[in-house]
Amino acid sequence: MKFIIPEGGSGTFTESLDALVQRVMPSLTIVHGHRWGAGAGIIWGEDGLILTNNHVVGQRSPVVKLQDDSEYASRLLARDPHVDLALLSIEASGLTTLAPAPISPRVGEMVFAFGHPWGQRNSVTRGIVSTTLTAKTRRGREIPIIRSDVPLAPGNSGGPLVNVRGEVIGINAMIIGGDQSIAIPVSVVIEFVERALSKQKNRTRRTKPVPESVL
Amino acid sequence: MKNILVELSDALVESAERAGDSTVMVNARRRIPASGIVYTEDLILTANHVVERDEDISVTLPDGTDLSASVVGRDPGSDLALIKLERSGAYPAEPAKMPARVGQIVLALGRPSKNGIEASLGTVSAIGGPFRTHHGGMLERYLRTDSIPYPGFSGGPLVAANGTVLGLNTSGLTRGAAITIPTDIAWKVAETIAKHGHIRRGYLGIRSQAVEISIDAQKALKREQATGLLVMGLEKDSPAAAGGLMVGDILVGVSGSPVTDHDRLFAQLTGDVIGKSTPIDVLRGGQLQFVDVVIGER
């Protein structure tokens, strides 16, 4: 997996912001998983791994659209409704990936959400990490979640929440009470992807996608 | 090369950490706890409306220590309450040296749970005031920001990017929408409550109504002032009656400052003037006269 090592911006606030957006945007995708509406996804592996929310993926395999408008039929590698994550694969290579943030999110840290709120393609919204907390999944598993004050809307789901260095700190998942945005931390994402890929390796070759949970 | 975005983000993190050390959880109502600002090592300043009871109050310090606390005093007019910890050990907040400015980047902080400090980013949108609160108080100034007032943020601080406190956030004065009481005002109220147990307000003892001042009378006044307060009645044995104010006088000033309406008079009758002989400017029979009144306490 290729990670982009972020360089410092040069000087002004706006230039730094611009550099950040230029760094992250190439890895943002559109994921058409339902008949209506679409979510976001991020390029997780240069060989075609796409990460998104489970709820963005419907019953059929989604169509993934990249920044150059190329569209790919995807294969569903794994999904987990309990952490609301799904891993897709498209027949592409040499894609631009994002680096995961190496440290845990800190309260007050500036963050940016990339996605397609209300279908507005490639939108960026800004906020800070409000708090980190743990939530219980329906299976009773405790997972950390990030709450931020970044404005999110339908269409942001599956998109990245990045820090000022353009590193992924989470995947935007939902909105509570209109103004509280929830993201799945990248640590949970990494664990999910690793388990999904190791199961994938041990599995005999299949021609059809595997729609059930792998966890 | 320096990245200003990284620097700003790091500054916000440090600010939340620093001011978070002086932001406590106040448990004094039925629904979720609210927040408070450490005023001194054993005094917590918070929003009055979140202190629903006078007993069985507890405060959780940033390190997780639970302390019981008691109410020192309240000022419902500015929605502030001061509570005292059973023992000292809290880390006092540092007030900002400069008042807040429109456009300034700020953090609203709260500690409504034991999960740690919570923050929301915003900018100072407007500075307003004076504002007559519906609890009979008067806020000389207040701040509006576009930060999100999360549940339980009332009583918590609005902080500058350097971690100093610009004010106290409350949603109790404006029916839901949050405003911020600037630090200088909040600290002054805290100081008064700590000293006297309550907020002192001056008292004249008149019933009055705003009236227009005729052009001729304005000439006698030697200034342009379109309105004053017509004295309609005097409370028995009131400071105004003792000082010689009469029904029919038009009150136009206190201590030389023009009084054009009730809010202006209210603003003049602060705790500072209680017990002091204060010159009241009145128009009596079209002539300007000065009546010395020893202001009482309400």
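Here the structure is a predicted model, which means the values were calculated and not measured. (Residues numbered from 1 in each chain as written. Chains lettered and ligands numbered in written order. Predicted model: local features only at pLDDT ≥ 70, side-chain atom pairs only at ≥ 80, totals over all residues.)

Take the domain arrangement of chain B next. Residue and element names in this part refer to chain B. Assigned domains of chain B: these are domain 1 (4-196) and domain 2 (202-297). Taking only C-alpha atoms into account, the centre of domain 1 sits 37 Å from that of domain 2. Here the residues of the side of domain 1 that touches domain 2 sort into 2 nonpolar, 1 polar and 1 charged. (Domains from an automatic or database assignment. Nonpolar A, V, L, I, M, F, W, Y, C, P; charged D, E, K, R; others polar.)

Right, let's get into the sheet that holds strand 7 (residues 85-89) of chain A. All names here are of chain A. Pairing within the open sheet is antiparallel, and its 7 strands lie in the order 5-4-1-2-3-7-6. Unpaired on one side and paired on the other, strand 5 (71-73) and strand 6 (75-80) mark the two borders of the sheet. Here the average twist between neighbouring strands, direction ignored, is 30°. Taken together, the 3 bridges between strand 2 (residues 39-45) and strand 3 (residues 49-52) define a ladder with antiparallel strand orientation. (Pairing = 2+ DSSP bridges. Helix = DSSP H or I, 4+ residues; strand = E, 2+ residues; numbered from the N terminus. Axes fitted to C-alpha atoms, helices over the stretch in contact; angles between N-to-C directions.)

When pLDDT is averaged across chain B, the result is 91; 99% of the residues are at 70 or more. In the model output, the complex is listed with pTM 0.78 alongside ipTM 0.78. (pLDDT = per-residue confidence, 0-100.)

Residue and element names in this part refer to chain B. End to end, helix 2 (residues 183-196) covers 20 Å across 14 residues, agreeing with the expected 20 Å (1.5 Å per residue, within 8%). The complete set of buried residues in helix 2 reads Thr183, Ala186, Trp187, Val189, Ala190, Thr192 and Ile193. Positioned one or two residues after helix 2, Gly197 has a phi angle of 85°, which is positive. (Expected span 1.5 Å × (residues − 1). Buried ≥ 20, exposed ≤ 12 C-beta atoms within 10 Å, placed from the backbone.)

Ranked by internal contacts, the top residues of the largest apolar core, which has 118 residues, are A:Leu51 and B:Ile44. Ignoring anything within four residues of it in the chain, the contact list for B:Ile44 reads B:Val24, B:Val26, B:Gly36, B:Ile37, B:Val38, B:Tyr39, B:Val59, B:Ala69, B:Ile83 and B:Leu85. B:Ile206, B:Leu221, B:Leu229 and B:Leu251 belong to the second-largest nonpolar core, a separate cluster that totals 21 residues. (Core = buried A, V, L, I, M, F, W, Y, C linked by C-beta atoms within 7 Å. Contact = placed C-beta atoms within 7 Å.)

Okay, the interface of chain B and chain A next. Taken together, the contact between chain B and chain A spans 22 residues of the former and 22 residues of the latter. At the level of secondary structure, the elements contributing two or more residues to the side of chain B that touches chain A comprise helix 1 (4-20) and strand 8 (118-128) of chain B. A total of 9 residues in the side of chain B that touches chain A trace back to one element, the largest contributor, which is helix 1 of chain B. Per-class residue counts for the side of chain B that touches chain A are 14 nonpolar, 6 polar and 2 charged.

This paragraph deals with the environment of A:Ser123. All names here are of chain A. Residue position: Ser123 is located in strand 9 (residues 123-136). Spatially, the C-alpha atoms of Ser123 and Thr12 are 21 Å apart, while their sequence positions differ by 111 residues. Discounting residues that sit within four places of it in the chain, Ser123 has contacts with Gly115, His116 and Pro117.

What follows covers the domain arrangement of chain A. Residues and elements named next belong to chain A. Domain boundaries in chain A define domain 1 (13-97) and domain 2 (110-189). The C-alpha-based centres of domain 1 and domain 2 are spaced at 15 Å. Listed by partner, the interface residues are 23 residues for domain 1 and 26 residues for domain 2. Counting only elements with at least two residues in the side of domain 1 that touches domain 2, the list comes to helix 1 (13-24), strand 1 (28-32), strand 2 and strand 3.

Moving on: the sheet that holds strand 3 (residues 43-47) of chain B. All names here are of chain B. Pairing within the closed barrel is antiparallel, and its 6 strands lie in the order 1-2-3-6-5-4. Within the sheet, the average angular offset between the axes of one strand and its neighbour, ignoring direction, is 40°. Bridging between strand 3 and strand 6 (residues 80-85) involves 5 bridges; their strand directions are antiparallel. For Leu45, the partnering residue across the bridge sits in strand 6 and is Leu82.

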